Amino acid sequence: MALRSEHSTVYVALYFFIIALSTLTVGVSGGSGSKVLSLLQPYDFLYYSGVRAYYGGEWAKAAELLEKSLQTKEALLRTRRQCHDDCVASGTDALNKLDSEEGSMWDLWALDWIQQRAECLRFCIGRSVTPTGQLPVSNDIEYEFDTRNPYNFLQVTYYKLEKLKKAASAAHTYFVANPSHLEMRNNIEKYRRMKGVTEDDFQDREIEKHWILYDAAVQHEASSDWLQATEKWKACVNETLWQTDECRVQCEVAPQPLPEDRGVDGVDGVFEKAAALSLSLLSCRQSCVTQVATRPGRISAQEDFLQTQLEHLHIAQFKSGDVSGALQALRSFLLFYPSDKDSLDNLQLYYETLGGDAESHGMQPAQEIVKYINQSLQEKKLLYFGVENLNFNFTDPDLWTPEDVVPASVRENWRAEKQKINEKINEGDQLEEVDDSGFYAGGPVPQVGVTITMDDEALNGTNRVVLDGVMTEKECDKILQLATVAASLGDGYRGRQSPHTPHETFEGLTVLRAVKLSQEGLVNQSDTRLLHELGERVRTLLHSYFRSPSGLFISFTHLVCRSATTDDQEGRMDLSHPVHVDNCLLEPETKQCWREPPAFIHRDLSAILYLNDNFDGGELFFTKRDAKTVTARVKPSCGRLVGFSSGPVNPHGVTAVMRGQRCALALWFTKEKLYRDMEREEAESLWAADGKGVLKNNKEEEEKEGSAIAGRNARSHATKERSRGRNIVMESKDEL
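Residues numbered from 1 in each chain as written. Predicted model: local features only at pLDDT ≥ 70, side-chain atom pairs only at ≥ 80, totals over all residues. Heavy atoms only, no water.

### Some thoughts on the overall build of the protein chain
Point 1. Secondary structure assignment for the protein chain yields 26 helices and 16 strands.
Point 2. Split into buried and exposed, the 736 residues of the protein chain put 47% on the buried side.
Point 3. Sequence-distant contacts, at least 24 apart, represent 75% of the contacts inside the protein chain between residues at least 6 apart.
Point 4. Accessible area for the protein chain stands at about 36,200 Å²; split by element, carbon and sulfur atoms hold 51% of it. (Helix = DSSP H or I, 4+ residues; strand = E, 2+ residues; numbered from the N terminus. Buried < 20%, exposed > 50% of the residue type's maximum accessible area, 1.4 Å probe, protein only. Contact = heavy atoms within 4.5 Å. Areas by Shrake-Rupley, 256 points an atom, 1.4 Å probe, with all protein chains shown as cover.)

As structure tokens, then:
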């Protein structure tokens, strides 16, 4: 049935808005206590209860609760899917009237239809899930389960219970998603040597079927077993489509937060909020492409994952003698890339092989692919409408998106970004060039007087910037004086005063130590507060400029000074700080960067705020992954800020300080709240205890207020428990 085109946008917005509203609040129906107990409980509560039992040494209880949290989450997803399918037909009577209604009655019938379906979903889910179990879980919990951390706890728990087969399976399941975790790798080797443990016990409990099929198809191709390769590629395509559809359904049925209120100056009414919520849901559905195409343990998705499978499928079918099947698969691929020259040449070959008959020319693409593309394009059109007219942020996950879908006002930027990605893929130089940090340089600079001195182009790299005017000369002098009075030799390096080179000494000061010294009256209180405030000033600037899609938290702040010794400095060939990458271990010979301890793998963004220039040397420089080819240099000066993503696209070092003292404020930022700077918060608590608390912005106050309210719920333990769990289990306790 065709909907009226003039109402299609309203229809989609209303549809997703009401569906989401159905999951925002849940009415508590009366019933016996036994009935409530039989319903699915909140899986985050079960998880935290299991973690508490773990730290209490109650191994049997911990295993039971952790397993139950995993089972409950799976049951919740199945319930949502089943209710979605059961409620598809709800409100059909009202839906059928949409084509015949005119004027104001149309939206009423649309609302009636959507409300009936929303009521069906709420009632259906409520029969199986407790009201608290229907509430959205925190980002912390989503992260824990996405990274398979429950299995980290389980492998230790089962080891303590002497259930080694289960421990081996849990360890393997965790390691698949965390392949750089050295302790878990060691544990797995120890399990292999234990009596009673066989290779079959190392099973991935979270196995993703489409990746198994993908790998099997590639293996059959390698051995030229084209019949088996064809079967595996067909199954892989079908499984990928199913996984994508499952992800899309969960976006629709899972509880969603309402759009943020813009305050008294906002003009958002119910229609604007409906649009914002519907666009968020559509964006979630689009992101399923990336989610399904990302292997466990990988950061980046495989580009054109479904399209790649179709290419392999038509080649395997042709080589196995199924030319008609190959023709259909190829025509399906051409729906994504209709002008691909190689594919068009293959199409002509298949026509000729079949004799060029009319039937072969009439072969249609697979209907599943046609449906997939039509659905995706409709979503993209609405999302790009939101980008152009409603200031909505949307990152298109697909390279195949037709240009005419993108509004003219944003098409030039879209085309440039797409061209860059295609060039990098074609060059096969992704390791060297592509930054998958999620940051996108070029955003606004929100501080008056701050100017962009060097950008990506000038710095010959990706996600790099130099900003001037971040500090005044007076502010630089105050922080330099603070460093002179309070910095400690070898701070952060266990007292080693020359940690990088014998020709320089290293001094450092943290915010917490500065606060304690100010309370003792040893340093100026205002200087300490300025040191603290500079961290937030830099965070605000870089969060805006690099257009971080998520929150950005200060991970560590260190006031550091490097001083040339009185020894003869002439002819020095060493560096003040060797070339390195901030969140992984750089291996220049292979150009690999291993994101594993002892690297600070949680760091996402790095910054250096310079305080002076009255010294020789001490320039920051960037290199390629070979640690030799210099791509850019930056000379320090008061108030100059250098910001860059912390990953392998930005190896950097510092040239030797030949004379004088070079001082700067080094800062690192993370997108994970778990890894925020706890010393900084302790410093703020000390000020608060003295009645001299740090002024917070409204957003931070709202977060604090929200946390206080959430304290009445088990979910409020997320940050505390997760922090404890991460520090103990991942760093020491899981080493058997």
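This is not the end of the story, as more comes after the structure.
### A short note on the confidence of the model for the protein chain
Point 1. Looking at the protein chain, pLDDT values average 81 and 80% of them are 70 or higher.
Point 2. Between residues 18–36, whose pLDDT stays under 50, and residues either more than four places distant or in other chains, the model counts 30 contacts.
Point 3. Taken as a whole, residues 695–736 scores under 50 in pLDDT and shows 76 contacts with residues more than four places along the chain or in a different chain. (pLDDT = per-residue confidence, 0-100.)

### What to know about the pairing of strand S5 (residues 553–564)
Point 1. The buried fraction of S5 is high, at nine of twelve residues.
Point 2. When strand S4 (residues 504–509) meets S5, the two strands line up antiparallel, connected through six bridges. Among the inter-strand pairings, Gly508 is bridged to a residue of S5, identified as Val560.
Point 3. Bridge count between S5 and strand S16 (residues 661–670): ten bridges; the pairing is antiparallel. Bridge assignment links Leu559 to a residue of S16, and that residue is Leu665. (Pairing = 2+ DSSP bridges.)

### Describing the sheet that holds strand S11 (residues 620–623)
Point 1. What the four strands build is an open sheet, ordered S6-S14-S11-S12; its pairing is antiparallel. Every other strand in the sheet has two partners, leaving strand S6 (575–580) and strand S12 (630–634) as the edge strands with one partner each. Each strand axis lies, on average, 20° off the axis of its neighbour in the sheet, ignoring direction.
Point 2. Summarising the sheet, S6 and strand S14 (residues 652–655) pair through three bridges and their orientation is antiparallel. Within S14, the residue paired with His580 across the bridge is His652. (Axes fitted to C-alpha atoms, helices over the stretch in contact; angles between N-to-C directions.)

### Let's talk about the packing of helix H13 (residues 270–292) against helix H18 (residues 367–389)
Point 1. For the pair H13 and H18, the least separation of the axes is 10 Å and the interaxial angle reads 135°. For the element pair H13 / H18, the angle class is oblique. Crossing handedness for the pair H13 and H18: left-handed. Only Tyr372, Gln375, Ser376, Glu379, Lys380, Leu382, Leu383 and Gly386 of H18 make contact with H13, whose side of the interface consists of Leu279, Leu282, Ser283, Arg285, Gln286 and Val289.
Point 2. Looking at the contact of H13 with H18 residue by residue, the class counts come to six nonpolar, five polar and three charged. (Parallel < 35°, antiparallel > 145°, perpendicular 65-115°, else oblique. Left-handed = near helix turned anticlockwise from the far one by under 90°. Nonpolar A, V, L, I, M, F, W, Y, C, P; charged D, E, K, R; others polar.)

### Quick look at the state of the cysteines
Point 1. Taken as a whole and assessed by the stated rule, the structure comprises seven disulfides.
Point 2. A sulfur-sulfur distance of 1.9 Å marks the disulfide that ties Cys251 to Cys284. Every disulfide takes its handedness from the sign of the S-S torsion; for Cys251 and Cys284 that torsion is -70°, giving left-handed. Of this pair, Cys251 sits in helix H12 (residues 226–253) while Cys284 sits in helix H13, and the two are 33 residues apart along the sequence.
Point 3. Take Cys251: its relative accessible area is 5%, and that puts it in the buried class.
Point 4. Residue class for Cys284 comes out partly exposed when judged on its relative accessible area of 25%.
Point 5. Residue Cys561 pairs covalently with Cys663 via a disulfide, S to S 2.1 Å. (Disulfide = S-S within 2.5 Å.)

### Digging into helix H14 (residues 305–319)
Point 1. Helix length check: H14 (15 residues) gives 22 Å between terminal C-alpha atoms against 21 Å at 1.5 Å per residue, within 8%.
Point 2. Those residues of H14 lying buried are Phe305, Leu306, Gln307, Thr308, Gln309, Leu310, Leu313, His314, Ala316 and Gln317.
Point 3. For H14, the elements touching its buried residues are helix H11 (209–222), H12, H13, helix H15 (323–334), helix H16 (341–353) and H18.
Point 4. One or two residues past the end of H14 sits Gly321, with phi positive at roughly 95°. (Expected span 1.5 Å × (residues − 1).)

### Some remarks on the nonpolar core
Point 1. The biggest cluster of nonpolar side chains holds 45 residues, and the ones touching the most others in it are Leu542, Leu641 and Phe669.
Point 2. For this core, the leading source of residues is helix H23 (residues 525–545), giving seven residues.
Point 3. Apart from residues lying up to four places away in sequence, Leu641 is in contact with Val465, Val466, Leu467, Val470, Val538, Leu541, Leu542, Ala607, Ile608 and Leu609.
Point 4. Core analysis: the next-biggest nonpolar cluster, separate from the first, contains 40 residues, Leu66, Cys124, Val156 and Met184 among them. (Core = buried A, V, L, I, M, F, W, Y, C linked by side-chain atoms within 4.5 Å.)

### Let's talk about the environment of Leu517
Point 1. Mapped onto the secondary structure, Leu517 falls in helix H22 (residues 511–519).
Point 2. With relative accessibility at 10%, the residue Leu517 sits in the buried group.
Point 3. For Leu517 and Ala486, which are 31 residues apart along the polypeptide, the C-alpha to C-alpha distance reads 7.9 Å.
Point 4. Apart from the residues within four sequence positions on either side, Leu517 is in contact with Ala486, Leu522 and Val523.

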